[in-house]
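Analysis of the macromolecular model
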Amino acid sequence: MAKKISYRHQNEPKVRMKIRIKKDDTVKVIAGKDKGKTGRVLQVDRETGRILVEGVGMVKRHTRPNPSKQIKGGIAEREASIAISNVMM
């Protein structure tokens, strides 16, 4: 969830982080529970300073079955975003 902006600062431009890491780069995790793992960058969010790395930061999500969209219910594992400061090229 994005950080809430006070009413006073609503019209000011958002500050975007300068990030040298881009999609499809290979990075190594240097901090956190997945320290030492390497993976390919799937997504970069410059506004929050977080990235999505393949096979790193796995979390479990409970999904409800939806037959019209061919979604099976159960517990699914997927990647969660991690801070850019926790990875290196």
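A brief report on the enclosed structure follows. Just so it is clear, the structure is predicted and the values come from calculations on it, not from any experiment. (Residues numbered from 1 in each chain as written. Predicted model: local features only at pLDDT ≥ 70, side-chain atom pairs only at ≥ 80, totals over all residues. Heavy atoms only, no water.)

1. Comments concerning the side chain of Asp34
Among the structural elements, Asp34 can be located in the loop between strand 1 (26-29) and strand 2 (38-45). Overall, Asp34 belongs to the buried group, its relative accessible area being 11%. Filtering out sequence-adjacent residues up to four positions away, Asp34 remains in contact with Val29, Val56, Gly57 and Met58. (Helix = DSSP H or I, 4+ residues; strand = E, 2+ residues; numbered from the N terminus. Buried < 20%, exposed > 50% of the residue type's maximum accessible area, 1.4 Å probe, protein only. Contact = heavy atoms within 4.5 Å.)

2. Some words on the pattern of salt bridges
Side chains that differ in sign of charge can pair as their charged atoms come close. Scanning all chains against the criterion turns up four salt bridges. Among the salt bridges present, the one from Arg40 reaches Glu54, with a minimum N-O distance of 3.5 Å. Of this pair, Arg40 sits in strand 2 while Glu54 sits in the loop between strand 3 (50-53) and strand 4 (58-63), and the two are 14 residues apart along the sequence. For Glu54, a relative accessible area of 38% corresponds to the partly exposed category. Note that Glu77 and Lys60 form a salt bridge whose closest N and O atoms lie 4.0 Å from each other. Placement of the pair is Glu77 in strand 5 (residues 74-79) and Lys60 in strand 4, with a sequence separation of 17 residues. Among the ionic contacts, a cluster of salt bridges with common partners joins Asp24, Arg40 and Glu54. (Salt bridge = Lys/Arg side-chain N within 4 Å of Asp/Glu carboxyl O.)

3. Some remarks on the nonpolar core
Judged by nonpolar contacts, Ile19, Ile21, Val27, Val29, Val41, Ile51, Val53, Val56, Ile82, Ile84 and Val87 together constitute the single largest core of 11 residues. Where this core is concerned, the elements lending two or more residues are strand 1 and strand 3. Not counting chain neighbours up to four residues away, the residues in contact with Val41 comprise Ile21, Lys22, Lys23, Asp24, Asp25, Val27, Ile51 and Leu52. (Core = buried A, V, L, I, M, F, W, Y, C linked by side-chain atoms within 4.5 Å.)

4. Quick notes on the sheet that holds strand 6 (residues 82-83)
If you walk across this open sheet you meet the five strands as 6-3-2-1-7, and the pairing is antiparallel. Strands at the two margins of the open sheet, each flanked by one partner only, are strand 6 and strand 7 (87-88). Pairing analysis gives four bridges linking strand 2 to strand 3, with the strands arranged antiparallel. Following the sheet pairing, Val41 is matched in strand 3 by Val53. (Pairing = 2+ DSSP bridges.)

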